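Overview (structure and organization)
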Amino acid sequence: MNPGALYAALRSQPLDARAWAALARIYIARGAAWQARYATQMVIRLDASVGADASAAMAARPDLLEVPVVQQVLARRDHPQAQDFLDALERDHARAQGDGDWLNALYRCRLYEMTGRPAQAAQALNEASRLEVIPGESAHWVGVWTLQAGDAARAVDVLRALAERRPPRYGSKMYLGLALFALGQTAQAELAFQEAAQSPSPQFLDLLASKVLPLNYWQEAISIRRRITELQPDKVSAWADLAMLQAESWKLSDAQQTLERARMLAPGDPQLATAARRITGRVRDPDEAFQYVLYEYQKALPLSRMTSVVAMSGLYASDISAEELQALHRRLAVPIEADLGASATPYAHFEQRLDLARRLRIGYITGDLFRQHPVNLFMLPVLERHDRARHDIHIFYTGHFCDEYTRRARAAATRWHDADTWTDDELRERILAEEIDILVDLSGHTSGHRLGVMVLRAAPVQVSYLGYPHSTGLSAVDWLIGDPVVSPFGHAALYTEGLALLPHSVFCWAPVDPYPVPPPRPADAPLVLGSFNNAIKLGRKTFALWSRVLHALPQATLLIKAPGGDDPLLQERLRKGFAAQGVDAARIVFRGPSALEDMMAEYGDMDIALDPLPYNGGTTSLQALWMGVPLVTRCGDNFVGRMSSSFLKTLGQDGWVAEDDDAFVRIVCELAADIATVRQGREAQRRRMMASPLCDIGRFTADLEKLYADMWSAAASPDKPLSPWLRRPEAATHTATLCGPRAESAQA
């Protein structure tokens, strides 16, 4: 029996597992890897017992398993093997003499599009539509692949007609929503998502929740997961997934209630234990959290994502020194480099283009160019000001979130690469093909990072910047961008990377949206100290230091605004932390998250901002200063504890930087003693900030480009003296000096 006869039978019974199994056998015998995979997956989905035989047959053909999966090829704008795959499909089609192979026609359609043959693509799509088992399935897949390849407008054209079909095609509605969202048509996108959420299939709703969540539709994703529990009230995993999402959204009390409901079904289910750990992790003290993830890492594979979880958790821990934290990062990095090192691109591959006269190609790897993400807030203004006459700017976007800021970043790039579906090897190969000179990782060990690409070596100069305020621990990263305060040369032993220092602050505040300065607080208003930092930064050292301030200023209240700040479970942890220091819980005011513009306005409700330690505020520190709130910081002994010191020194407010705990308390009290002047000084602080290098985005971008040129010069002429703003990696002894004068710090 040929595929055409089986497809004809499936058109009347599309859920016939045995017919799909017969198709799988034909495709396997023919060596048609993509079709064989698709048919085998259909069998497994429809009937596990029948699917076992199909899986075994596929497993017996390693030559088929070595072929890249169809999504890795067709969901891209182009692919180096696209023509080869098309040639193979055309040969197979010719041999079969029109045997009605739907999948062959579908795959040819997409490959014709990718290789620039629209007429043949249209002809193949007509053929596929005539042969398809489920009406609209061919156009659906073309729309999905087109969207994933970055052509949202074309995807909307393809998917819009499918969304009106009856019976409803919920999957087409979902992808239509994603395409509309990518185009900025959010109202229409939300309507498409609402229609997709009417699906009666729990499996599809699970997919829908996973798609809308990265678009920041937290409440909608929670509602979808609630509906899954209504459709499957006895399925433990449905309840566990809901609890996990609620915990991730900082709805901790709701998550706890969901977990208790699930425990009634299966008290000892390991899925519930995972959800319980997630809830506990959200409310755990940062020192306890670090010890916990370190314990979990020791039970996991050394190459697991737990590596980065441990690294990141260490930044918040109070009981680990700067030297110990660097040793931890290096220890975590060694297994990764040992595993991937043999596959790394030899440096000799780049030597022929190490030319000082070359027009530099700068590549940024990030998945975080959206909304309120700090990488977006700091990087978008730079991307929009890069000197295009001297640089080509490539962005390798590894995220799937897209909004107006993402579109602005795309417009600012010389070339944009949608890389979220690419493996590390594929991403490395594309970067090599584009001949990127300086590759800048903007993630470090944060969620969704692609540090494996750096280890595989994709460019002659590789840099860590912005997203991670610490050494990555990877020797494959050549430079870390800092400044003379956050990473003075005297701290070189704390970094595996070489140090590349900007002359002013490591970050530049150039807000992408307008935020008016709040009016002065009334003269008779009570004194309010505040922090809008993430609660994970509030641990033992912060409780102790801030409590000393509260004891010294008994008339003051403390405003804490954070994700989860409105949740009773998190509030309980924070109240206990202050209570242990003798602070009355009534003096602590909590607020939960809000839209960015609302949050910025809320800075008008505080008088003095307190910086946490050992992990300072970054974005929140600059936001407070921008909104006219004085910030007091305690300078720490590594990058994360020195960020606010850098901002304040650049602003010329060295007097708000404390060298020790006593000085911190004294500075806050001095500001409180002249609170009338502080309250009237918001506009003046905004003007001072605008006039300082801290907000001079043009100068900052030029300084950054000069630093890139220095790095390139160091690579092209390794025997010449380095720029005074560069220091190669070394095993120097960490100096005891913390926050000396800027000029001395830079050359320490």
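Residues numbered from 1 in each chain as written. Predicted model: local features only at pLDDT ≥ 70, side-chain atom pairs only at ≥ 80, totals over all residues. Heavy atoms only, no water.

1. Quick notes on the pairing of strand 2 (residues 391-397)
Convention followed: Buried residues are those whose accessible area, probed at 1.4 Å on protein chains only, stays under 20% of the maximum for their type, while exposed residues exceed 50% and partly exposed ones sit between those limits. A run of H or I in DSSP becomes a helix once it reaches four residues, and a run of E becomes a strand once it reaches two; helices and strands are each numbered from the N terminus. Note: two strands are recorded as paired if DSSP finds a minimum of 2 bridges between them. A crossover counts as right-handed when, viewed with the strands pointing away from the observer, the path leading from the first strand over the helix to the second turns clockwise.
Summarising burial for strand 2: seven of the seven residues are buried, a large majority. Every second residue of strand 2 is oriented toward a common face, with His-391, Ile-393, Ile-395 and Tyr-397 on one face and Asp-392, His-394 and Phe-396 on the other, all of them buried. Here strand 1 (residues 360-366) runs beside strand 2; their pairing, made up of seven bridges, is parallel. Bridge pairing links Ile-365 to Phe-396 in strand 2. Note that the unit made of strand 1, helix 22 (residues 374-383) and strand 2 has a crossover that is right-handed. For strand 2 and strand 3 (residues 415-418), the ladder comprises four bridges, and the chain directions are parallel. Bridge pairing links Ile-395 to Trp-416 in strand 3. Handedness of the crossover is the feature at issue here: the chain leaves strand 2, passes through helix 23 (residues 404-412), returns alongside strand 3, and the resulting connection is right-handed.

2. Quick look at the environment of Arg-110
Threshold: In this description, contact between two residues means that some pair of their heavy atoms is separated by no more than 4.5 Å. In the analysis that follows, any N or O atom pair within 3.5 Å is treated as a polar contact, provided that within protein one partner can donate a hydrogen and the other can accept it, and provided that, for residues neighboring in sequence, both atoms belong to side chains.
If you trace the backbone, Arg-110 turns up in helix 8 (residues 102-114). Sequence separation between Arg-110 and Thr-146 is 36 residues, and the spatial gap between their C-alpha atoms is 8.5 Å. In contact with Arg-110, not counting residues within four places along its chain, are Leu-74, Arg-76, Trp-145, Thr-146 and Ala-149. A polar atom in the side chain of Arg-110 sits 3.0 Å from the backbone oxygen of Arg-76. Looking at Arg-110, its side chain comes within polar contact range of the side chain of Glu-113, at 3.1 Å.

3. Considering the environment of Gly-4
Turning to its location among the elements, Gly-4 is positioned in helix 1 (residues 3-12). For the pair Gly-4 and Leu-131, spaced 127 residues apart in sequence, the C-alpha separation works out to 7.9 Å. The contact partners of Gly-4, leaving out residues within four places of it in the chain, are Asp-99 and Gly-100.

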